[in-house]
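Analysis of the macromolecular model
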Amino acid sequence: LGLIEGRQIAEILRGATAVDVAGLREKGVAPTLGIVVPTDDKSTASYVDSLVRVAETIGIDIRRTDLVEPSGEEVAAVVGELSTNPDVHGVLCQSPLPPGVLLGDIGAQIHPSKDVDGANPTSLGRLAAGLPAFAPATAQAVIEILRHEQVGLRAADAVVVGRSNIVGKPVALLLVAEDATVTVCHSQTEDLAGQARRADVLVVAVGRPKLIGAEHVKRGAIVVDVGINVTGEGDIVGDVDTAAVEQIARITPVPGGVGPVTTSVLLRNIAGAAGAKRLEEVT
Ligand code: NAD
């Protein structure tokens, strides 16, 4: 029971990636992330600044393009250029995108071998087909946390709340690949509490504070809270009533849970993409 330290897991992963990056640099490869920031949104900028800082401390170079009120075509063009640039190993486009523009349409410009945050629908399709592909870093982070906590996933009852292409669906696919029995809940699910209470592993990715309370959680379960919400008071909280749930289950806090692990996974993916010659080698 109690809180799972995401920052600690993130640090362990980052240490391993730093070693890989140093090895690549010795061979003359400078792992490089191309990142497109299509907004002047302040919280996006501060997230990107911190990602850049962490990347640089472990030896990953950054090519950053900031665009102010761009059209979807402009964003797609810059992302496409980064994807064809041989000096760039991984490509990431930050949200929010211009109104009406779909992440999948921008992600489609990223070659799957450089798609370090699984934004290309082809990557999701390959994941579903069991082919080598990058899953979205957040989805991989959920699995890393479960691994680190030594949760046995074979035949475990896993419930994923949320079905987005960037979190819910890929998490469900990764859990199936780990031999869990997976239920996906979403906005149309009836009796969410009844479904969630069956879970040994409960992953929540909705974007609603306190959607999940103690009545949704089986005693002794592990709960991974992916949600990021800003309250009226300006606090960052997840989707789970952490104070209530930590009494009966293990749970990742927000902040300090999935978020830092996601960053570490993203860095690992960049190193992986830089070290691989073919997509078959990246995962
Ligand atoms: P989304 O809006 O694309 O999807 C939300 C999902 O929740 C939908 O599938 C919807 O069906 C489901 N849903 C909505 N209301 C529901 C309800 N009452 N009961 C059950 N399901 C319901 O969001 P997303 O991009 O998947 O992100 C989800 C959350 O995760 C957000 O808070 C986001 O900020 C956060 N997030 C965190 C990270 C991270 O690294 N920690 C990364 C991506 C997203």
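First, a word on scope: everything that follows refers to the structure included in this document.

**Concerning the overall build of the protein chain**
- Summing up its helical and strand segments, the protein chain has 10 helices and 11 strands in all.
- Over its C-alpha trace the protein chain gives a radius of gyration of 18 Å, about what one expects of a compact globule, namely 19 Å for 283 residues.
- Seen through its principal axes, the protein chain has C-alpha atoms that stretch 50 × 40 × 35 Å.
- Here the protein chain, with 283 residues, has 51% of them falling under the buried criterion.
- Within the protein chain, counting contacts between residues at least 6 apart in sequence, those at least 24 apart form 69% of the total.
- Positive and negative side-chain charges of the protein chain, numbering 24 and 35 respectively, have mean locations separated by a distance of 5 Å.

**Side note on the sheet that holds strand β2 (residues 32–37)**
- Across the sheet, which stays open at both edges, the 3 strands sit in the order β3-β2-β4 with parallel pairing between neighbours. Bordering the open sheet on either side are β3 (61–66) and β4 (90–93), each of which pairs with just one other strand. Adjacent strand axes in the sheet meet at a mean angle of 15° when their direction is disregarded.
- Note that β2 and β4 share 4 bridges and pair parallel. Note that in β4 the partner of Gly 34 across the bridge is Val 91.
- Sheet contacts for helix α3 (residues 72–84): β2, β3 and β4; angle to β2, the most-contacted strand, approximately 175°.

**Describing the nonpolar core**
- Ranked by internal contacts, the top residues of the largest apolar core, which has 55 residues, are Leu 33, Leu 146, Leu 175 and Val 203.
- Ranked by residues supplied to this core, first place goes to helix α10 (residues 258–275) with 9 residues.
- Once residues lying within four places of it in the same chain are set aside, the contact partners of Leu 175 are Ile 143, Leu 146, Leu 153, Ala 158, Val 160, Ala 180, Val 182 and Val 203.
- In this structure, Cys 185, Leu 202, Ala 221 and Val 223 belong to the second largest nonpolar core, which totals 17 residues.

**Let's talk about helix α1 (residues 6–26)**
- Spanning 21 residues, α1 covers 30 Å between terminal C-alpha atoms, matching the ideal 30 Å at 1.5 Å per step.
- Looking only at α1, the buried set comprises Gly 6, Ile 9, Ala 10, Leu 13, Thr 17, Val 21 and Leu 24. Down the axis of α1, the buried set is contained in an arc of 100°. They therefore lie on one face. Away from its buried face, by an angle of more than 90 degrees, α1 presents the exposed residues Gln 8, Glu 11, Ile 12, Val 19 and Glu 26.
- Packing partners of the buried residues in α1 comprise α6 (137–148) and α10.

**What to know about the site of the ligand**
- In the vicinity of the ligand there are 20 residues, among which Arg 163, Ser 164, Ser 187, Val 226 and Ile 228 approach most closely.
- The contact in question runs from an oxygen atom of the ligand to an N or O atom on the backbone of Ser 187, over 3.1 Å.
- For the shell around the ligand, the residue count by class is 10 nonpolar, 8 polar and 2 charged.

Conventions used here
Residues numbered from 1 in each chain as written. Predicted model: local features only at pLDDT ≥ 70, side-chain atom pairs only at ≥ 80, totals over all residues. Heavy atoms only, no water. Helix = DSSP H or I, 4+ residues; strand = E, 2+ residues; numbered from the N terminus. Rg over C-alpha atoms; globule rule 2.2 N^0.38 Å. Buried < 20%, exposed > 50% of the residue type's maximum accessible area, 1.4 Å probe, protein only. Contact = heavy atoms within 4.5 Å. Lys, Arg positive; Asp, Glu negative; His and termini not counted. Charge placed at Lys NZ, Arg CZ, Asp CG, Glu CD. Pairing = 2+ DSSP bridges. Axes fitted to C-alpha atoms, helices over the stretch in contact; angles between N-to-C directions. Core = buried A, V, L, I, M, F, W, Y, C linked by side-chain atoms within 4.5 Å. Expected span 1.5 Å × (residues − 1). Arc of directions from axis to C-beta. Near = heavy atom within 4 Å. Polar contact = N/O pair within 3.5 Å; in protein donor to acceptor, adjacent residues only side chain to side chain. Nonpolar A, V, L, I, M, F, W, Y, C, P; charged D, E, K, R; others polar.

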